[in-house]
Structure formats: structure tokens, C-alpha cells
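Fold and contact review
Spelled out, the chains give:
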Amino acid sequence: FQMSHGGGGGSSTGSHLKDGAIDLVAGTLGGVANVYAGQPLDTVKVKVQTFPHLYTNWYRCLTDTFKLDGVRGLYAGTVPALAANVAENAVLFTAYGYCQKAVAKLTGRADLNSMSVGEKAFSGSLAAVFAAMVLCPTELVKCKLQAARETGQTITSSSVIRSIMKERGPRGFFMGLSPTLAREVPGYFCFFGAYETCRHLLTPIGKSKDEIGLAKTAFSGAVGGMALWTSIFPADVVKSRMQVTGQGSFAGLLSKIAKEEGIMALYKGLLPTLIRSCLASGSLFVTYEESKKLMGNLF
């Protein structure tokens with residue numbers, strides 16, 4: 001993609017819209033792959049973060065959930081998780097495409113391929129602001145469904161939505177927005193930064209990053225996912241607790257957990273998250289890059 005330096009004619013606008021549409025579809029497909037690959041371990045992560053007194057380790061949580069609730073229990077919250085991930089990744093990758101173009105223009109890059117890893121990582125941070133706005137409400141519903149048995153509730157997606165609307169109104173759906181932003185903005189800097197660094201290092205001389213193949217793309221995605229979650233996990237623990245309990249502020253809950261339960265409580269559930277992230281982020285990027293390539297050739 002060569003960036004236009006002219007006055008922005010119709011063909012340039014059409015090209016931007018086409019690129020945006022391709023990013024939207026590819027991000028949507030990537031979001032679906034992300035959920036189905038990682039949902040069981042995401043359920044374990046939320047339970048371990050929210051009920052540390054019930055689950056001393058993630059493996060026990062996984063086996064207990066499977067024994068008591070079966071496969072359905074491990075895929076609890078899949079519908080809102082699909083809504084969350086599809087919405088987040090559709091917005092994230094569409095915004096990422098446009099943010100890259102904006103950053104490239106500001107830094108005087110001739111095209112997106114000549115951007116540095118830092119510039120791509122910064123573009124990911126900007127895109128994360130837009131993604132957080134659609135992610136927060138859907139993730140709120142998902143967390144409540146995943147923690148239903150431990151909180152002694154029998155609930156569905158629609159009953160959770162009605163309850164939030166009745167108790168708090170539309171603003172209630174943005175409970176946990178502060179930790180979501182605190183998680184997403186630095187997290188996606190690390191996510192796209194690590195992904196692009198890996199792709200760069202794995203690209204043979206004389207080839208482009210788009211030619212590294214599925215295995216190297218999956219590996220780069222897995223490294224990106226692990227970088228994301230390692231960097232933002234404490235904010236995610238706070239977010240999960242705020243959304244399940246409906247109480248507390250980000251700063252207050254963060255200091256309370258650190259004081260009463262110790263710093264390591266902020267990393268409770270990190271191991272299953274990293275395992276899940278390898279599977280989910282690898283699947284996400286392979287699906288995104290391959291479907292983007294396919295649509296680019298077709299259209």
C-alpha cells in the first residue's frame with residue numbers, strides 16, 4: 001500500500017475504505033478464532049482472579065469446573081466472549097490500520113512497510129482506546145456469567161443485561177472502564193510491538209514479513225499475546241473483580257489487593273492465561289493475516 005501524498009482524491013478515499021473493510025472482516029474472523037481457541041482457559045483465569053480463596057491453583061480450578069459443570073462450564077460466557085472479541089478485534093484491527101496510516105503520515109513514512117516497530121506499537125496503543133469502548137460492556141457480561149456458580153446465581157446473558165440496566169442504567173455497562181483502558185493501551189503497545197519484532201526477526205533476507213508462513217506467524221502472535229498479558233495482568237485482575245462484584249474503584253481495589261493479599265495476588269491466574277494466549281493469539285494472527293491476504297488478492 002503506497003500512501004497518497006496528494007490532495008486525497010476519490011480513488012484514495014476508496015482505497016482507504018477498502019483497506020478498512022478488509023481489516024474489519026479479517027479482525028472479526030480473527031476474533032472468532034481467538035475465542036474458540038482460548039475460552040476454557042479464560043474461564044479459569046476469571047475464576048482464579050475473582051475467587052482466590054476457592055482456587056489455590058489454576059489446574060484445580062480447571063478440573064473442578066470440568067467435573068461440576070462439564071465442557072459447557074468451561075465455555076461459560078462464550079456468547080458474550082464472542083461478542084466481546086469479535087467487536088474488540090473488528091474495531092482494534094480496523095482502527096490499527098487507520099492509526100498506522102495516521103502515524104506514518106505524521107512521521108513522513110512513504111508506506112506502512114517502512115514504519116519502525118515502535119511506530120507500529122504506538123499505532124496499536126492508539127487503536128486500543130477505540131477497542132476498549134466496545135470491549136468493556138461485553139466483557140462485563142462475560143465475567144458475570146463465568147463467575148455465576150461461585151456467586152450462587154443462575155443467570156443468562158439477557159438477565160445480566162436487564163439487571164445492569166435496571167440497577168445502574170447505561171453507565172453501568174462501563175463498570176471497569178478505567179482498568180480496561182489501563183490494561184488495553186499499554187498492553188497493545190507490547191502486543192503489536194512484540195508481534196512485529198518477531199516477524200521482523202523471522203523474515204529471511206530478501207523476503208517480506210508477509211512471506212514468513214503460518215508457523216512463524218503463529219509463533220509471532222503467541223509471543224505478542226504473552227507480552228500483552230504479562231504487562232497488563234494486575235490491571236486485568238482488578239477489572240475482573242470490579243466487574244464480578246460491581247464494587248470499588250481501580251486505584252482503591254489495586255492497593256487493597258496488594259496490601260491484603262500481597263503483590264503475587266495481582267498475578268493470580270497468569271500461567272493459564274499465558275498458555276491460553278499462545279493458542280488464542282497464534283490463532284488470531286494466522287486467521288487475520290491469511291484472511292487479509294486472501295481478501296487483498298480477491299478485491
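For clarity, every value in this text was computed on a predicted model and none was experimentally measured.

Focus: the UniProt feature "repeat: Solcar" (unreviewed entry) in the chain
- Per the UniProt record, "repeat: Solcar" (unreviewed entry) is found at residues 18–102, 115–201 and 212–294.
- What you have in residues 18–102 is 88% helix and 0% strand, and the ends, taken at the C-alpha atoms, are 16 Å apart.
- This span, residues 212–294, is 83% helix and 0% strand, and a straight line between its end C-alpha atoms measures 15 Å.

Here's the deal with the nonpolar core
- Counting residues in each nonpolar core, the largest one holds 38 residues, and the members touching the most others are L92, F93, Y188, F191, F192, I257 and F285.
- The element that contributes the greatest number of residues to this core is helix α7 (residues 214–245), accounting for 7 residues.
- Setting aside anything within four residues of it in sequence, one finds F191 in contact with G224, G225, L228, S281, L284 and F285.
- Listed in part, the 10 residues of the second largest apolar core include V46, Y55, C61 and C143.

Examining the confidence of the model for the chain
- Model confidence for the chain is summarised by a mean pLDDT of 88, while 96% of its residues fall at 70 or above.
- Every residue in residues 1–10 is under pLDDT 50, and counting partners more than four places away or in other chains gives 19 contacts.

Definitions and limits used
- Residues numbered from 1 in each chain as written.
- Predicted model: local features only at pLDDT ≥ 70, side-chain atom pairs only at ≥ 80, totals over all residues.
- Heavy atoms only, no water.
- UniProt positions renumbered as here; feature names shortened; annotations may be inferred.
- Helix = DSSP H or I, 4+ residues; strand = E, 2+ residues; numbered from the N terminus.
- Core = buried A, V, L, I, M, F, W, Y, C linked by side-chain atoms within 4.5 Å.
- Buried < 20%, exposed > 50% of the residue type's maximum accessible area, 1.4 Å probe, protein only.
- Contact = heavy atoms within 4.5 Å.
- pLDDT = per-residue confidence, 0-100.

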